[in-house]
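# Architecture and fold: a report
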Amino acid sequence: MKIIVVSHTYIVDLNCEKLRQLSNLDTDIQVIAVVPKRWQPGGVQNKIIESQLKDEGKFKIIPVGNFSQNNQGLLTFKPEIVRLLKKFKPDIIQVEQGAKSLGYAQLIALNKLLNLKAKNLFFTWWNLPYKNKFPISILEAYNLNNTDGLIVGNQDGLDVLRQHGYEGKAIVLPQLGIDEELFTPKPQPELASKLGINNQEFVIGFVGRFVLEKGVLTLIESLASLKEFSWKLLLLGRGELQETIKNTATELEIQHRLIIVESVPHNEVSKYINLMDTLVLPSETTYKFKTLTAAGWKEQFGHVLIEAMASGVAVVGSDSGEIPNVIGDAGLIFPEGNVEALENCLHQLMTKSKLVKDLANKGYNRAMEKYTNKAVAQKQLAFYQELLDSN
């Protein structure tokens, strides 16, 4: 089976492990990740990345000249993509740029023009209802009408595309899995000592952007009534709310329990997660966020949850978006934005050590079964095979 996966996501080598695992699942599998030659991610990493060719035999990363260097919906490729398709002759073409992607329309058209007879797939995270205007409506209709298989990062996203008329085969599966060798239970006594955390303190953790939709202020407010317990709040990340977070903690007289750590490389995040007794993802749906073709945001997956679960850390999440489906019965869920409900969850964990241990064990088992890179790759391959067998 010859597979081409097209996405700017794979300019980061750490994100390619699922595709490496996929290429090793069978002797006849070859995988090429097509990435833009030049890309500017924005945000913290706001510089142009020059992608590099990487040939690992059965798995290759091939940069292709591109138009648009910072918008995934507008990302398209220069004529060299034609030469690659003609030479490789893929059985599967998967574009991970969304339902309204010009790049996906381009690959569909080339598949037809070159008579490759490959199966067309796309991946999307988008999970809120939206309405299209002309000409976007025509673009999305073309893409959906020519899709053989759909991979969606969350159930809400699949429901939205069903409402937009997609009736074909589909699977709910995250874009990336986890490295279980990196994210694994491992005590960090030296790091704990460096941060001033002692063994008697219950550590509540948060990893993510310091923005309103991530619910970090709700988390801080939920701890104001739990001062009788010995705990520390470890926040890993950065963002526009950083000063507000510090001021709120001071107003609630819990500033001495707050630890903020900025700019941690992803391969170091696991060490900090291993300091936590629980990781909280208190995301909150918002309609202030806007893109060119849609508005709003709710949690699309919550990758940090599966990283914590794989690390043997009990998780707590709001009911925003995909969070309840990711956690299942392996953690506690509370209504988004509800300070008292989150306070109750944390109170339970601080007073019931057996509950913490039970949830940590359930989460670990769930992560190993469903969310490792190999587990995700196996499900993806089974879906590909289903599509190819349906001829």
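This report concerns the structure included in the present document. (Residues numbered from 1 in each chain as written. Predicted model: local features only at pLDDT ≥ 70, side-chain atom pairs only at ≥ 80, totals over all residues. Heavy atoms only, no water.)

Looking now at the pairing of strand β19 (residues 314-318). One face of the sheet, then the other: side chains in a regular strand alternate in exactly this way. Counting buried residues in β19 gives 5 out of 5 residues, a clear majority hidden from the surface. Both faces of β19 are covered, namely the face carrying Ala-314, Val-316 and Ser-318 and the face carrying Val-315 and Gly-317. One ladder, built from 4 bridges, connects strand β16 (residues 278-281) with β19; its direction is parallel. For Leu-281, the partnering residue across the bridge sits in β19 and is Gly-317. As defined by bridge partners, β19 adjoins strand β20 (residues 331-334) across 4 bridges and the pair is classed as parallel. From the neighbouring strand, Val-315 faces β20, where its bridge partner is Gly-331. (Buried < 20%, exposed > 50% of the residue type's maximum accessible area, 1.4 Å probe, protein only. Helix = DSSP H or I, 4+ residues; strand = E, 2+ residues; numbered from the N terminus. Pairing = 2+ DSSP bridges.)

On to the packing of helix α3 (residues 102-113) against helix α4 (residues 136-145). It is at 10 Å that the axes of α3 and α4 come closest, and there the two elements cross at 50°. Classed by the angle they form, the pair α3 and α4 counts as oblique. The handedness of the crossing between α3 and α4 is left-handed. For the pair α3 and α4, contact is made by Leu-102, Tyr-104, Ala-105, Ile-108, Ala-109 and Lys-112 and by Leu-139, Tyr-142 and Asn-143, respectively. Taken together, the residues that form the contact of α3 with α4 break down as 7 nonpolar, 1 polar and 1 charged. (Axes fitted to C-alpha atoms, helices over the stretch in contact; angles between N-to-C directions. Parallel < 35°, antiparallel > 145°, perpendicular 65-115°, else oblique. Left-handed = near helix turned anticlockwise from the far one by under 90°. Contact = heavy atoms within 4.5 Å. Nonpolar A, V, L, I, M, F, W, Y, C, P; charged D, E, K, R; others polar.)

Running from N to C, helix α12 (residues 339-351) and helix α13 (residues 353-370) cross one another at 105°; their axes reach a closest spacing of 5 Å. In terms of axis orientation, α12 runs roughly perpendicular to α13. In this structure, α12 contributes Gln-348, Leu-349 and Thr-351 to the contact, and α13 contributes Ser-353, Leu-355, Val-356 and Leu-359. Tallied by class, the residues present in the contact of α12 with α13 amount to 4 nonpolar, 3 polar and no charged.

With that settled, consider unusual backbone geometry. Residue Pro-135 is bonded to the preceding Phe-134 through a cis peptide linkage, with omega at 5°. Of note, the phi angle at Ser-68 is positive, near 70°, even though the residue is not glycine. Assessed through its relative accessible area of 24%, Ser-68 is described here as partly exposed. Phi at Lys-117 takes a positive value of approximately 60°, unusual for a residue other than glycine. Considering the arrangement of structural elements, one finds Lys-117 in the loop between α3 and β10 (119-124).

Let's shift gears to the packing of aromatic side chains. For the coordinates displayed, the defined rule picks out 5 aromatic pairs. Aromatic pair Phe-206 and Phe-210: ring centres 6.3 Å apart, planes at 35°, arrangement tilted. Overall, Phe-206 belongs to the buried group, its relative accessible area being 0%. Over the face of the ring belonging to Tyr-130 we find Lys-100, whose NZ or CZ atom lies 3.8 Å from the ring centre. When the ring centre of Trp-231 is taken as reference, the NZ or CZ atom of Arg-257 above it lies at 4.6 Å. (Phe/Tyr/Trp six-rings, centres within 6.5 Å; stacked < 30°, edge-to-face > 60°. Lys NZ or Arg CZ within 6 Å of the ring centre and 35° of its normal.)

Turning our attention to the sheet that holds strand β15 (residues 258-261). Note on sheets: strands pair through backbone hydrogen bonds, and any given pair is parallel or antiparallel. As summarised here, the arrangement of the 6 strands in space is β15-β14-β13-β16-β19-β20, forming an open sheet in which the pairing is parallel. Among the strands making up the open sheet, the edge pair consists of β15 and β20. The mean inter-strand angle of the sheet, taken between neighbouring strand axes irrespective of direction, is 20°. On the sheet, helix α8 (residues 242-251) packs against β14 (231-236) and β15 and is oriented at approximately 170° with respect to β15.

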